[in-house]
Amino acid sequence: MLPEEIKLRLASFSRPAWRPQAGPAVPGAMSKFGGLPLLKPDESWPCCGHCHQPMQLFLQLDARDLPRTMRSPFGDGVLQVFYCTNGEEDCEVLGQSHLPFSEATLVRVIPREQANGFDALPLSLPDAFPEKSLTGWIPLADYPDRKETAAINDDDRDGTLALLHAHRPAPRPGDKLMGWPHWTADVAYPGCPCCHEPMQFIMQLDSVDSLPFRFGHYGCAHVFQCDTHRDVMTLTWQSRP
């Protein structure tokens, strides 16, 4: 294959992605890493289903703060990711927080009509993360890894796939919106418990990027949503070897 042909072939696998930029906390900012979560009216701070202690807010992302060139992948509302960091109970292990639908995690979207609540009152959390506000997005071109490419393009000859992978970057690590998941182990899209279809990748949270936290051994976490049952969302993560 000529370089021009390789470029055209790669374009069929390319997906747009955006890397979030975060800075010091801005009072009243809706989109952020860490800090105080937005709560629906008459709602208390979400707690871990394993140790029953308050979970940390890892990510809060208002659809109105997404890149202007994209349509919100999770609908019109506020995406929230909570995670239990209670080391005393070791919920990361006992709560099996790396698995989909763990009681030690919570992923949800607060619909726009319910997003006029209030930020939670300050709460005493051990090792609470300092809040960082979302300040912008850097657009990226993202590509799948070798295993995923083979799965979605299994009619290609092995030689063609090998040539393609020799000329393109791996899925980008780090925090990012959309694109392709950066798998550190096997390709593992969770299945929706309602329809059993593979869930759609929404967001990636990598160890020690925007958050001062490590998923297992410097692992990488992924947020998923069912394309049919939009209220079904989850987070999973894989350690790095």
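Before any of the text, the structure's been laid out above.
The notes below deal with the structure included here. Sequence positions are assigned chain by chain, starting from 1 and proceeding in written order. Per-residue local features of the predicted model are confined to residues with pLDDT of at least 70, and side-chain atom pairs are confined, for both listing and counting, to 80 or more; whole-chain, interface and lining totals are unaffected and use all residues. In computing side-chain values, all of the structure's heavy atoms are included and hydrogens and water are not.

Regarding the overall build of the chain
Formally: A run of DSSP states H or I qualifies as a helix once it reaches four residues; a run of E qualifies as a strand once it reaches two. Both are numbered from the N-terminal end. The buried label applies to any residue whose accessible area, calculated with a 1.4 Å probe on protein chains only, is under 20% of its type's maximum; exposed applies above 50%, and partly exposed to all values in between. We call two residues contacting when some pair of their heavy atoms lies within 4.5 Å. The accessible surface values rely on the Shrake-Rupley method and a 1.4 Å probe; as for residues, cover is taken only from the protein chains in view.
Secondary structure assignment for the chain yields four helices and twelve strands. Going through the 241 residues of the chain one by one, you find that 48% of them count as buried. Considering only intrachain contacts with a sequence separation of at least 6, the fraction spanning at least 24 residues in the chain is 71%. Put simply, the chain shows about 12200 Å² of open surface, and 53% of that area lies on carbon and sulfur atoms.

Here we look at the nonpolar core
Rule in force here: Residues enter a nonpolar core if they are buried and are Ala, Val, Leu, Ile, Met, Phe, Trp, Tyr or Cys, with the set joined through side-chain atoms within 4.5 Å.
Core analysis: the largest hydrophobic core is formed by 28 residues, its most contacted members being F58 and L61. When neighbours within four sequence positions are excluded, F58 is seen to be in contact with K32, F33, G34, V81, Y83, T85, F129, L205, L211, F213 and F215. Listed in part, the twelve residues of the second largest apolar core include W45, C48, C51 and C91.

Structural notes on the packing of aromatic side chains
Note the following rule: Pairing of aromatic side chains requires ring centres within 6.5 Å, counting the rings of Phe and Tyr and the six-membered ring of Trp. Pairs whose planes differ by under 30 degrees are stacked, by over 60 edge-to-face, and all others tilted. Whether a charge sits over a ring comes down to the Lys NZ or Arg CZ being within 6 Å of the ring centre and within 35 degrees of the ring normal.
With the rule as written, the count across this model stands at 13 aromatic pairs. Look at Y189 and F224: their rings are 5.9 Å apart centre to centre, the planes differ by 70°, and that puts the pair in the edge-to-face class. Of the two residues, Y189 sits in the loop between β9 (176-178) and β10 (200-206) while F224 sits in strand β11 (residues 220-225), which places them 35 residues apart along the sequence. Among the aromatic residues, those joined into a ring-pair cluster are F58, Y83, F129, F213, F215 and W237. Stacked on the ring of Y218, the Lys or Arg R214 has its end atom at 4.9 Å from the ring centre.

A short note on the environment of L39
Residue placement: L39 occurs in strand β3 (residues 38-39). Look at L39 and you get buried, because its relative accessible area is 3%. Expressed as a C-alpha distance, the spacing of L39 and A120, which sit 81 residues apart in the sequence, is 6.1 Å.

So, the pairing of strand β4 (residues 56-62)
It is a general feature of regular strands that their side chains alternate between the two faces of the sheet. Note the following rule: A strand pair is defined by DSSP finding two or more bridges across the two strands.
Burial within β4 is extensive, with seven of its seven residues counted as buried. Two strands pair when backbone bridges link them, and strand β2 (residues 32-33) and β4 are joined in this way by two bridges, in the antiparallel orientation. Bridging across to β4, K32 finds its partner in Q60. Sheet analysis places β4 next to strand β5 (residues 77-83), joined by six bridges and oriented antiparallel. Its bridge partner being in β5, L57 is matched across the sheet by F82.

A closer look at the environment of D206
Going by this rule: Whenever two N or O atoms come within 3.5 Å, that pair is a polar contact, provided that in protein one can donate a hydrogen and the other can accept it, and provided that, for residues adjacent in sequence, both atoms are side-chain atoms.
Structurally, D206 is set in strand β10. Take D206: its relative accessible area is 6%, and that puts it in the buried class. Residues in contact with D206, not counting those within four places in the same chain, are P173, G174, D175, F215, G219, C220 and R240. Polar side-chain contacts of D206 include one of 2.7 Å to the backbone nitrogen of G174.

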